[in-house]
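Residues per chain, in single letters:
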Amino acid sequence: MRLELRGVTKRFGDFTANDKIDLIVEPGSVHALLGENGAGKSTLMNVLFGLYDADEGEILVDGEPAGFKGPGDAMAAGIGMVHQHFMLVHPFTVAENVMLGHEEVRGPAKLLDLGNARKRVKEISDRFGFHVDPDAVVEDLSVGAQQRVEIIKALSQRAEILILDEPTAVLTPQETDELLAIVKQLRDSGTAVVLITHKLREVQAVADHITVIRRGKVVGTALPTASQEELASLMVGRDVSMTVDKPEAKPGDVMLEVESLTVLDEFDHPQLRNVSFNVRAGEILAVAGVQGNGQTELTEAILGVVPTAAGTVKLDGEVLTGKKIKDTLMSGIGFVPEDRTEDGLVAGFSIANNLILDIYDQAPYSKGGVLRPSVVVSEAEKNVEQFDVRTTGVHATAGSLSGGNQQKVVLARELSRPLKLLIASQPTRGLDVGSIEFVHKRIVQERDNGAAVIIVSSELDEVVALADRIAVMYHGKIVDIVPPDTDRDTLGLMMAGAHEEDAA
Ligand SMILES: Nc1ncnc2c1ncn2[C@@H]1O[C@H](COP(=O)(O)OP(=O)(O)OP(=O)(O)O)[C@@H](O)[C@H]1O
Ligand SMILES: [Mg+2]
């Protein structure tokens, strides 16, 4: 099935998110859609999937006007979409989620029952080597497995065109490689895949065609042989440095002391085992590890978000353990959570209000217990400009922002007050290459202003680029803390637990 978009325009009020976009997607090919945060990629795909009505232009399927009135029509025509933020129902099983996905579809596919849904899941899972159990409850699955469930959901509607909107943003490098292999397999079986990603390595690995959009317009196409630098400058309209220029660290006194920290889960299984380390002022400690080896528990235990079974945390000589979370944050800690939609932002609040979530009662935002709206707005405008948040204004809701721009709001909030300690988990998740360059600079600046910095990242590139020291986590422990010039194979082995087995 061949798909063609002709002159598609989509406006939100006065703002033009897609401006006369032309795009052709051929069967049996992977079409990468690139562009900076807020360029209009997700919007365009939502138009294609029938979620938004285009204001102008048309969508042709095999040369015929498609006239989609909603996602049901798009699905019935053979288009499947995996959204940037997953849409699974967590307490339901995989098969139930797949069945639910069919209810919007008119026609025979609607009659899918649970028995059939289980069969379809198993068929597709076996065919593509997904290893997904139809009876597994979604909330018990890893993010990578949830991603595969979304793909199964789309494929179960016999999609001939599969739209993947930033499918790898939340995946580990291993899961990413598995997904890219799946994409190739789908292409070879005749499916057309539209892939949105900010990771240029992935584009080079699987794309047959590349279209770049900027501020709502197609600005060019590229061949998969293009270099990352060429793709990056086409995306953001200027040269982008792909490495971090970082002056030598000048570590000061110990700022954060973590001693014998232990966290148990609800079944008393240790998630964090007796972890001890220090971070000095003016130093970046980057935590490397395969997701799920205690990194989340470590950051949450330092903040006091999860109860600790043992151990203490001291910041600048003061014990944090046992304090209220708000008091902990107010003692000079900036925190960028790994999941911005769940823990970072209130979607229905304005950008301005999201920027002062925990500090609205502090100076300069309040005076004598009274909020000062004009200060809130002027500070918000400064932040929006500095972090290049693409929006119609600070009164727009956080929910109306593109994924990457939501992440920028969280970063702007956490980096805009004086910090003794910055803890950032996956700080550049979902950001475009230009914004990554900026955020990396800001993090180094925070270090050089004397903050202790902890970065948790599943991107080894990011760990190596930012770290003054690298802590490798495995099975809830820090197996070692090593210098940033440690070679990648050694890091990889440590992350896979080779140290532990040596010791055993
Ligand atoms: N429902 C909406 N209401 C108002 N504005 C919107 C809405 N959805 C998107 N926009 C605006 O349209 C622009 C394009 O957003 P879109 O989500 O398509 O970007 P994107 O290219 O997918 O970016 P990212 O890489 O960050 O995901 C953004 O500036 C966003 O603020
Ligand atoms: Mg998007």
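On a predicted model such as this, the values are computed, not experimentally measured, just so you know.

Draft legend 1. Molecular detail of the pairing of strand β1 (residues 3-12). As paired elements, β1 and strand β4 (residues 56-61) share five bridges and run antiparallel to each other. Residue Thr 9 lies in a different strand from β4, and its bridge partner there is Glu 56. By the bridge criterion, seven bridges tie β1 to strand β2 (residues 15-25) in an arrangement that is antiparallel. Each residue of the ladder has a partner; that of Lys 10, found in β2, is Asn 18.

Draft legend 2. Looking closely at helix α5 (residues 143-155). In this model, α5 (13 residues) spans 18 Å end to end at C-alpha, consistent with the 18 Å of a helix rising 1.5 Å per residue. Among the 13 residues of α5, twelve are classified as buried, and the element is accordingly described as predominantly covered. Of the residues making up α5, those classed as buried are Gly 144, Ala 145, Gln 146, Gln 147, Arg 148, Val 149, Glu 150, Ile 151, Ile 152, Lys 153, Ala 154 and Leu 155. Buried-residue contacts for α5 involve β6 (79-82), α3 (94-102), α4 (114-128), β7 (161-165) and α6 (173-188).

Draft legend 3. Seen up close, the pattern of salt bridges. Under the criterion given, the structure shown has 30 salt bridges. One salt bridge connects Arg 6 with Glu 58, and the closest N-O pair in it is separated by 3.8 Å. With Arg 6 in strand β1 and Glu 58 in strand β4, this pair connects stretches of sequence that are 52 residues apart. When its relative accessible area of 41% is taken as the criterion, Arg 6 is described as partly exposed. The closest approach of N and O atoms between Lys 420 and Asp 316, which form a salt bridge, is 3.2 Å. Taken as a pair, Lys 420 in the loop between α14 (403-415) and β19 (421-425) and Asp 316 in the loop between β14 (310-315) and β15 (318-319) lie far apart in primary sequence, 104 residues in all. According to the relative accessible area criterion, Lys 420 is partly exposed, its value standing at 31%. In the salt-bridge network here, residues are joined through shared partners; they are Arg 2, Glu 4, Arg 6, Glu 26 and Glu 58.

Draft legend 4. Spatial organisation of the site of ligand 1. Near ligand 1 you find 21 residues, and of these Gly 38, Lys 41, Thr 43, Ser 402 and Gly 404 are the closest. Contact between ligand 1 and Gly 38: an oxygen atom at 2.8 Å from a main-chain N or O atom of the residue. Glu 166 places a polar side-chain atom, nitrogen or oxygen, 3.4 Å from an oxygen atom of ligand 1. Against a free-state accessible area of 640 Å², the protein chains account for coverage of 85% of ligand 1. Among the elements that line the shell around ligand 1, the one with the most residues is helix α1 (residues 41-48), at three residues. Its residues assigned to classes, the shell around ligand 1 shows six nonpolar, eleven polar and four charged. Built from parts of two domains, the shell around ligand 1 gets at least three residues from each of domain 1 (3-236) and domain 3 (345-417).

Draft legend 5. Up close: the nonpolar core. Counting 48 residues, the largest nonpolar core has Ile 443, Ile 455 and Ile 470 as its most contacted members. Broken down by element, this core gets its largest block of residues, five residues, from α14. For Ile 470, the residues in contact, after removing those within four places along its chain, are Ala 286, Ala 288, Val 463, Asp 480, Ile 481, Val 482, Pro 483, Pro 484 and Leu 491. Within the second largest apolar cluster, 30 residues are counted, among which are Leu 261, Leu 315, Phe 335 and Ile 423.

Draft legend 6. Main features of the sheet that holds strand β8 (residues 192-196). Here six strands make up an open sheet; going across it, the order is β6-β7-β8-β3-β9-β10 and the pairing mixed. Lying at the two open borders of the sheet, with one neighbouring strand each, are β6 and β10 (217-222). When strand polarity is set aside, the average angle formed by the axes of neighbouring strands in this sheet is 20°. Pairing analysis gives five bridges linking β7 to β8, with the strands arranged parallel. Among the inter-strand pairings, Ile 163 is bridged to a residue of β8, identified as Val 194. Docked against the sheet, helix α8 (residues 228-236) engages β3 (30-34), β9 (209-214) and β10, running at close to 35° with respect to β9.

Draft legend 7. Region of the structure containing unusual backbone geometry. Cis rather than trans, the peptide bond between Ala 363 and Pro 364 has omega equal to 0°. Its place among the elements puts Pro 364 in the loop between α12 (351-354) and β17 (366-367). Its identity is not glycine, yet Lys 20 carries a phi of approximately 50°, on the positive side. Inspection of the secondary structure assignment puts Lys 20 in strand β2. The exposure class of Lys 20 is exposed, given its relative accessible area of 55%.

The rules behind each value
Each chain has its residues counted from 1, running along the sequence as written. The lettering of chains begins at A and the numbering of ligands begins at 1, in the order of writing. Restriction of local features to residues with pLDDT of at least 70 applies here, the model being predicted, together with a cutoff of 80 or more for giving and counting side-chain atom pairs; totals for whole chains, interfaces and linings are based on all residues. The side-chain figures draw on all heavy atoms in the structure; neither hydrogens nor water molecules are used. In short, DSSP must find at least two bridges between two strands for them to pair. What counts as a helix is a DSSP run of H or I of at least four residues, what counts as a strand is a run of E of at least two, and both are numbered from the N terminus. By this rule, a helix spans an expected 1.5 Å times one less than how many residues it contains. Exposure categories follow from relative accessible area, calculated using a 1.4 Å probe and restricted to protein chains: below 20% of the type maximum is buried, above 50% is exposed, and the middle band is partly exposed. Contacts between residues were defined by any pair of non-hydrogen atoms, one from each residue, lying within 4.5 Å. The term salt bridge refers to a pairing of a side-chain nitrogen on Lys or Arg with a carboxyl oxygen on Asp or Glu at a separation within 4 Å. If even one non-hydrogen atom of a residue comes within 4 Å of a molecule or strand, that residue is called near it. Two N or O atoms form a polar contact when they lie within 3.5 Å of each other; inside protein one atom must be a possible hydrogen donor and the other a possible acceptor, and for residues adjacent in sequence the pair counts only when both atoms belong to side chains. What sets the accessible areas is the Shrake-Rupley method with a 1.4 Å probe; for residues, cover comes only from the shown protein chains. Each residue is assigned to one of three groups, with Ala, Val, Leu, Ile, Met, Phe, Trp, Tyr, Cys and Pro labelled nonpolar, Asp, Glu, Lys and Arg labelled charged, and all others, Gly among them, labelled polar. For the domains described, the bounds stem from an automatic or database domain assignment. Joining through side-chain atoms within 4.5 Å is the link that ties buried Ala, Val, Leu, Ile, Met, Phe, Trp, Tyr and Cys residues into a set, and such a set is a nonpolar core. Between N-to-C directions, angles cover 0 to 180 degrees, with each direction set by a line fitted to C-alpha atoms, over the stretch in contact for helices.

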